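The chain contents come next:
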Amino acid sequence: MSQDSQWPVWEVFVQANPGIPHKHVGNVHATDAEMAIQNARDVYTRRSEGISIWVVPANAISASSPEDQGSFFEPSNDKPYRHPTFYKIPEGVKYL
Amino acid sequence: MEDQKQIEAFEAKIASGVKIEPKDWMPEAYRKQLIRMMSQHAHSEIVGMLPEGNWITRAPSLRRKAILLAKVQDEAGHGLYLYSATETLGIDRTELLEQLHTGKAKYSSIFNYPTLTWADIGAIGWLVDGAAIMNQTALARGSYGPYSRAMVRICKEESFHNRQGYEIMMHLAQGTPEQKAMAQDALNRWWWPAIMMLGPSDDQSPNSDQLMRWKVKMESNDAIRQRFIDRTVPQADFIGLSLPDKDLKFDETTGHYTHGPINWDEFFEVIKGNGPCNAKRLKARSDADKKGRWVRDAALAYAEKKKLKAA
């Protein structure tokens, strides 16, 4: 007999209101995308928490690794000129 | 041997309030303790569906029935959030369930008591969910990201559970003498188990220092228990029910209630498996798992067939 299956894992993203991004809320186990969406509705939106749901097979997500966090994001640290506060504008100049 | 530097960095992170995420480095003892605690919590949610599910078909009105159904469905949802959070620590749900069915993993002692009358549903929502909220609001501040986020969600939902339970008790207490007696009887039977479900007394609870430093535990069992008692006693007074503790009294100097001795022998017996319903609860869970197996297999086979057809 095959191994007991709890079904593949799907990560769930819910959009709470129109115009804002979908946000990760957790995951569900389901046999396919359709079932994952239904399960996600029952598990994560029982109290009108969302108007749209995305489900993604968990194994399709690649993530940056926390050990490399420092060096990976470091390149942006020495470029303060990307921030508007880098530039000194005389007082009295408006709309800038 | 774990690198001392790694442990120091880990502890510094926790001390500064940064959450630990699944892929971050963590000491083995932290991971193990979390798996134990979180799975115990997950199991409690789904085993907790059984005593309440017992009354769904016999709820006294359609309103009560719809509410109870929604509450029991919430508990299933809580179980799912928690299993999913536990899986982020690198353990599979199949394995977690197996630990439950073989008795290797525990669940809350409280669910090994029977629900004899409708008033027990009121007492559970009011007292058991009330005590759980005390514990869970503390855990929501814990250091492990997925657990803490699950707790925040769960706490929001528990507040409905708590209030619907109190409302049931209030209506019964205001009803006929028989109804009031039924409410009082339920309170008499659930009060002590609810007090005990917050865990052994601090002097009997090992490892607490490290767990507190790692923010796995946020408050001692006794501190949480005290808060639960302080908040619940006036609620009982308000609806004219009395608590089954003749030593219970308000201490003006501390601002807290003092209570009589807790029967820890009973608590440890229930934990060991000798409570009134332990065997029944485990059998129900394990039967549900076995009987549901063909459904899981069939659903998976169907999904695979559909995928093949689409290809």
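Residues numbered from 1 in each chain as written. Chains lettered and ligands numbered in written order. Predicted model: local features only at pLDDT ≥ 70, side-chain atom pairs only at ≥ 80, totals over all residues. Heavy atoms only, no water.

## Things to note about the overall build of chain B
Link 1 in the chain: Regarding its fold elements, chain B presents 12 helices and two strands.
Link 2 in the chain: From first element to last, N terminus to C terminus, chain B shows the α and β order α-α-α-α-α-α-α-α-α-α-β-β-α-α.
Link 3 in the chain: On C-alpha atoms alone, chain B measures out to a radius of gyration of 21 Å, which is about the 19 Å that the 2.2 N^0.38 rule sets for 311 residues.
Link 4 in the chain: For chain B, the C-alpha atoms occupy an extent of roughly 65 × 55 × 35 Å along the three principal directions.
Link 5 in the chain: Across chain B, every contact between residues at least 6 apart in sequence was considered, and the portion connecting residues at least 24 apart equals 77%.
Link 6 in the chain: By element, 57% of the accessible surface of chain B is carried by carbon and sulfur atoms, the whole surface being about 15,000 Å². (Helix = DSSP H or I, 4+ residues; strand = E, 2+ residues; numbered from the N terminus. Rg over C-alpha atoms; globule rule 2.2 N^0.38 Å. Contact = heavy atoms within 4.5 Å. Areas by Shrake-Rupley, 256 points an atom, 1.4 Å probe, with all protein chains shown as cover.)

## Section: the confidence of the model for chain B
Residues and elements named next belong to chain B.
Link 1 in the chain: Model confidence for chain B is summarised by a mean pLDDT of 95, while 99% of its residues fall at 70 or above.
Link 2 in the chain: Taken element by element, chain B is modelled with least confidence in helix H9 (residues 208-213), mean pLDDT 86, and with most confidence in helix H8 (residues 177-196), mean pLDDT 98.
Link 3 in the chain: Reported confidences for the modelled complex are a pTM of 0.92 and an ipTM of 0.85. (pLDDT = per-residue confidence, 0-100.)

## Examining the confidence of the model for chain A
Link 1 in the chain: Summarising the model, chain A shows a mean pLDDT of 91, and 97% of its residues fall at 70 or more.
Link 2 in the chain: Of all the helices and strands in chain A, helix H2 (residues 69-73) of chain A carries the lowest mean pLDDT, 82, while strand S3 (residues 52-57) of chain A carries the highest, 98.

## Brief notes about helix H12 (residues 278-310) of chain B
Link 1 in the chain: Compared with an ideal rise of 1.5 Å per residue, which puts 33 residues at 48 Å, H12(B) spans 47 Å between its outermost C-alpha atoms and is within 8% of the ideal.
Link 2 in the chain: Turning to H12(B), its buried residues number three or more, namely B:Asn278, B:Arg281, B:Arg285, B:Ser286, B:Asp289, B:Gly292, B:Arg293, B:Arg296, B:Ala299 and B:Ala303.
Link 3 in the chain: Contact partners of the buried residues in H12(B): helix H1 (33-44) of chain A together with helix H2 (28-47), helix H3 (49-53), helix H5 (93-101) and helix H11 (264-274) of chain B. (Expected span 1.5 Å × (residues − 1). Buried < 20%, exposed > 50% of the residue type's maximum accessible area, 1.4 Å probe, protein only.)

## Looking at the layout of surface pockets
Link 1 in the chain: Its boundaries defined by the atoms lining it, the largest pocket holds a volume of some 1,500 Å³.
Link 2 in the chain: If you go around the largest pocket, you meet 49 residues; those closest to its centre are A:Glu11, A:His24, A:Val25, A:Gly26 and A:Asn27.
Link 3 in the chain: When residues of the lining of the largest pocket are traced back to their parent elements, those giving at least two are strand S1 (9-15), strand S2 (23-29) and H2 of chain A together with helix H4 (62-87) and helix H7 (145-173) of chain B.
Link 4 in the chain: The dominant element in the lining of the largest pocket, judged by the number of residues it contributes, is H7(B), at seven residues.
Link 5 in the chain: Along the lines of polarity and charge, the residues of the lining of the largest pocket split into 22 nonpolar, 12 polar and 15 charged.
Link 6 in the chain: Taken as a whole, the second largest pocket holds about 1,100 Å³ of empty space.
Link 7 in the chain: For the second largest pocket, the lining is made up of 45 residues, of which B:Gln40, B:Asn135, B:Met197, B:Leu198 and B:Gly199 are closest to its centre.
Link 8 in the chain: At the level of secondary structure, the elements contributing two or more residues to the lining of the second largest pocket comprise H2, H3, H4, helix H6 (119-139), H7, H9, helix H10 (221-238) and H11 of chain B.
Link 9 in the chain: Of the residues forming the lining of the second largest pocket, the biggest block, eight residues, is contributed by H6(B).
Link 10 in the chain: Taken together, the residues of the lining of the second largest pocket break down into 20 nonpolar, 15 polar and 10 charged. (1 Å grid on protein atoms, 1.4 Å probe; cavity = no way out; pocket = protein on both sides within 12 Å on 5 of 7 lines; lining within 4 Å. Points joined across faces, edges and corners; volume = space filled by probe spheres on them. Nonpolar A, V, L, I, M, F, W, Y, C, P; charged D, E, K, R; others polar.)

## Brief notes about the side chain of B:Asp129
Residue and element names in this part refer to chain B.
Link 1 in the chain: You can see Asp 129 is positioned in helix H6.
Link 2 in the chain: Here Asp 129 falls in the buried class, since its relative accessible area comes to 5%.
Link 3 in the chain: Beyond its immediate sequence surroundings of up to four residues, Asp 129 is in contact with Lys 71, Glu 75, Ile 124, Glu 158, His 161 and Asn 162.

## A word on the packing of H4(B) against H5(B)
Residue and element names in this part refer to chain B.
Link 1 in the chain: One way to put it is that H4 packs onto H5 with a least axis distance of 10 Å and a crossing angle of 115°. Of the two elements, H4 crosses H5, and the hand of that crossing is right-handed. Residue-level inspection shows Leu 80, Tyr 83, Thr 86 and Glu 87 of H4 in contact with H5, the latter providing Arg 93, Leu 96, Leu 97 and Leu 100.
Link 2 in the chain: Class assignment of the residues belonging to the contact of H4 with H5 gives a composition of five nonpolar, one polar and two charged. (Axes fitted to C-alpha atoms, helices over the stretch in contact; angles between N-to-C directions. Left-handed = near helix turned anticlockwise from the far one by under 90°.)

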